[in-house]
Amino acid sequence: MRRTLALLLLALPASAQDRRSGFEDMARETQAMQRDDMQNPGMLWVAEGEERFNRDCTSCHTEASMRGVAARYPAWDEATGAPIDLAGRISACVERHQRATPPARESQALLALTAYVAHQSRGLPISRPTDPRLAPALAQGRALYGERRGQLDLSCVQCHDDNAGRRLAGSVIPQAHPTGYPLYRLEWQGLGSLQRRLRGCMTGVRSEPFAYGAAEYVALEIFLNDRAAGMAIETPAVRP
Amino acid sequence: MAILALLLLIPSARADEAPLTATPGDATRGRAIVADRTRGLCLLCHSGPIPEERFQGNLAPPLDGAGLRWTAAELRLRLVDGKRLNPDSIMPSYYRTEGLHRVAPAQRGRPILAAQEIEDVIAYLLTLREEPPR
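Below, the structure is looked at part by part.

About the cut-offs
- Residues numbered from 1 in each chain as written.
- Chains lettered and ligands numbered in written order.
- Predicted model: local features only at pLDDT ≥ 70, side-chain atom pairs only at ≥ 80, totals over all residues.
- Heavy atoms only, no water.
- Helix = DSSP H or I, 4+ residues; strand = E, 2+ residues; numbered from the N terminus.
- Buried < 20%, exposed > 50% of the residue type's maximum accessible area, 1.4 Å probe, protein only.
- Contact = heavy atoms within 4.5 Å.
- Salt bridge = Lys/Arg side-chain N within 4 Å of Asp/Glu carboxyl O.
- Polar contact = N/O pair within 3.5 Å; in protein donor to acceptor, adjacent residues only side chain to side chain.
- Nonpolar A, V, L, I, M, F, W, Y, C, P; charged D, E, K, R; others polar.
- Pairing = 2+ DSSP bridges.
- Core = buried A, V, L, I, M, F, W, Y, C linked by side-chain atoms within 4.5 Å.
- Disulfide = S-S within 2.5 Å.
- Axes fitted to C-alpha atoms, helices over the stretch in contact; angles between N-to-C directions.
- Parallel < 35°, antiparallel > 145°, perpendicular 65-115°, else oblique.
- Left-handed = near helix turned anticlockwise from the far one by under 90°.
- Arc of directions from axis to C-beta.

Regarding the overall build of chain B
Along its length, chain B carries six helices and zero strands. The helix and strand sequence of chain B, counted from the amino end, reads α-α-α-α-α-α. When each of the 134 residues of chain B is scored for burial, the buried share is 38%. Across chain B, contacts joining residues at least 24 apart in sequence account for 54% of those joining residues at least 6 apart.

Side note on the interface of chain B and chain A
Across the boundary between the two partners, chain B contributes 29 residues, which contact 21 residues of chain A. Connecting chain B to chain A are three salt bridges. Between B:Lys83 and A:Asp153 there is a salt bridge, with the nearest N and O atoms lying 2.8 Å from each other. Inspection of the region where chain B meets chain A yields 16 residue pairs in polar contact (both at pLDDT 80 or more). Split into classes, the residues belonging to the side of chain B that touches chain A amount to 15 nonpolar, seven polar and seven charged.

A closer look at the sheet that holds strand S7 (residues 238-239) of chain A
All names here are of chain A. Within the open sheet, the three strands sit side by side as S6-S5-S7. Their pairing is mixed. Two strands bound the open sheet, and with one partner strand each, they are strand S6 (190-192) and S7. Judged from the three bridges that link them, strand S5 (residues 183-185) and S6 form a sheet pairing that is antiparallel. In the strand pairing of S6, Tyr 184 is matched with Leu 191.

What to know about the pattern of salt bridges
If you walk through the whole model with that rule in mind, you get 28 salt bridges over all chains. For the salt bridge of A:Asp226 with A:Arg128, the shortest nitrogen-to-oxygen distance reads 3.0 Å. You can see A:Asp226 sitting in helix H9 (residues 215-227) and its partner A:Arg128 sitting in the loop between helix H5 (108-119) and helix H6 (135-146), a full 98 residues away along the chain. The partner of A:Asp131 in a salt bridge is A:Arg133, with the nearest N and O atoms 2.9 Å apart. In this structure, a network of salt bridges that share partners links the residues A:Arg148, A:Asp153, B:Asp81, B:Lys83 and B:Arg96.

Comments concerning the side chain of A:Arg185
Residues and elements named next belong to chain A. Secondary-structure assignment places Arg 185 in strand S5. Owing to a relative accessible area of 13%, Arg 185 belongs among the buried residues under this scheme. Setting aside its immediate chain neighbours within four residues, Arg 185 contacts Gly 190, Arg 197, Arg 239 and Pro 240.

Quick word on the environment of A:Thr114
All names here are of chain A. In this structure, Thr 114 sits in helix H5. For the pair formed by Thr 114 and Leu 44, sequence separation is 70 residues and the distance between their alpha carbons is 13 Å. Beyond its immediate chain neighbours, meaning those up to four positions away, Thr 114 contacts Leu 86, Ala 87, Ile 90 and Pro 182.

Quick look at the nonpolar core
By size, the foremost hydrophobic cluster in this structure holds 30 residues, and its most contacted members are A:Trp45, A:Phe53, A:Tyr73, A:Leu86, A:Ile90, A:Val117 and A:Leu191. Where this core is concerned, the elements lending two or more residues are helix H3 (42-56), helix H4 (86-97) and H5 of chain A. Beyond its immediate chain neighbours, meaning those up to four positions away, A:Leu191 contacts A:Gly42, A:Trp45, A:Leu111, A:Ala115, A:Pro182, A:Leu183, A:Tyr184 and A:Arg196. Membership of the second largest hydrophobic core comes to 23 residues, among which are B:Ala66, B:Leu113, B:Ile122 and B:Tyr124.

Things to note about the state of the cysteines
Counted under the stated rule, the structure contains zero disulfides over all chains. Counting only cysteine sulfurs, A:Cys156 is the nearest neighbor of A:Cys201, a cysteine outside any disulfide, at a range of 7.3 Å. Judged by relative accessible area, A:Cys201 falls into the partly exposed class, the value being 33%. Free of any disulfide, B:Cys45 has its nearest cysteine sulfur in A:Cys159, 7.4 Å distant. B:Cys45 gets classed as buried once you look at its relative accessible area, which sits at 19%.

Regarding the packing of helix H5 (residues 72-81) of chain B against helix H6 (residues 115-126) of chain B
Residue and element names in this part refer to chain B. Close contact between H5 and H6 brings their axes to 10 Å; oriented N to C, the two are set at 130°. Viewed along their axes, H5 and H6 adopt a mutual orientation that is oblique. In this structure, H5 crosses over H6, and the sense of that crossing is right-handed. Each of Ala 72, Leu 75, Arg 76 and Leu 79 in H5 lies in contact with H6, whose residues at this interface are Ile 118, Glu 119, Val 121, Ile 122, Leu 125 and Leu 126. Considered class by class, the residues forming the contact of H5 with H6 number eight nonpolar, no polar and two charged.

Let's talk about helix H2 (residues 28-35) of chain A
Residues and elements named next belong to chain A. Every buried residue of H2 is accounted for by Thr 30, Gln 31 and Gln 34. For H2, the angular spread of the buried residues around the axis is 100°, confining them to a single face. Opposite the buried face of H2, at more than 90 degrees from it, the exposed residues are Arg 28, Glu 29 and Arg 35. Contacts made by the buried residues of H2 are with S7.

Any link to function would need more than the numbers given here.
Following this line, the structure appears as structure tokens:
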């Protein structure tokens with residue numbers, strides 16, 4: 001009986017094992033920095049986002065209506081007939097409804113607004129992308145995740161599924177859950193988006209990253225959310 | 001029988017793995033390449049007897065003792081294109097430029113290490129004749 005159980009456990013695929021946020025692998029001091037809003041540098045962006053929201057967005061939205069939004073993005077965008085991520089949605093709102101120049105990807109304004117909106121979902125579970133219109137992007141994201149790339153010829157799977165928890169030089173390889181974005185990274189000395197993180201991994205294997213805003217990143221995010229469905233949103237997280 | 005067939009599929013590591021250059025490898029230069037995370041990259045995944053480099057990886061077997069386990073030709077095969085032995089390996093092929101996807105423009109068409117650098121790394125690995133500390 002024991003033995004069958006042990007065998008069964010061995011046979012379980014990696015995905016059935018415990019999912020861990022990158023938070024769990026961090027040093028205690030870095031965890032404390034994320035937990036305490038007074039210490040968490042990401043809260044500066046959230047505060048700036050709140051100011052911008054109250055100034056530019058409250059003609060259409062309330063703060064309360066922002067709760068849960070980040071948990072169900074990327075979502076289908078009727079206007080373009082394509083999936084759109086949260087930053088893309090905020091940008092599109094500025095362009096379509098305010099008739100203003102949309103803030104650029106990774107600009108202070110867009111990071112602050114995205115951090116503020118995502119922060120309203122802190123603690124909520126990421127929902128599984130079940131909208132059938134997202135299915136092709138989900139499949140594309142899964143394929144991108146499994147594809148070897150770059151001069152080092154490595155795929156996301158090889159690091160984040162096959163070798164998660166081991167050390168790549170000094171860094172513990174996390175399971176790549178997108179729970180904390182935008183987040184404050186000590187190495188960046190600033191706030192950055194999931195797309196910035198993904199570009200980091202792509203250039204790390206010496207591959208050509210996609211341009212900011214590319215559909216490939218949205219597809220990867222949909223796949224990562226499917227993989228992380230049910231895990232709690234941490235925005236703004238802190239990472240080494 | 002199946003095992004025999006598999007063995008036959010493994011390319012011979014003898015005849016076809018002659019040195020890549022006429023100049024013999026230099027172990028001192030090889031050590032510097034292995035230690036350099038932006039050139040050899042070896043310590044991202046492996047550990048080795050290079051105590052001044054902290055934060056060595058543990059995705060791969062230690063390099064200690066490599067010179068006991070392998071001949072120069074076997075090491076060359078593993079560095080040039082170890083995927084000929086194990087197509088699923090995460091170890092990059094250091095002297096192969098075809099069959100890669102979306103290589104960054106700065107590295108496109110170039111191998112990770114030059115021929116002489118590979119010979120230097122092999123010369124260094126052959127000096128590693130002690131098993132890893134337990």
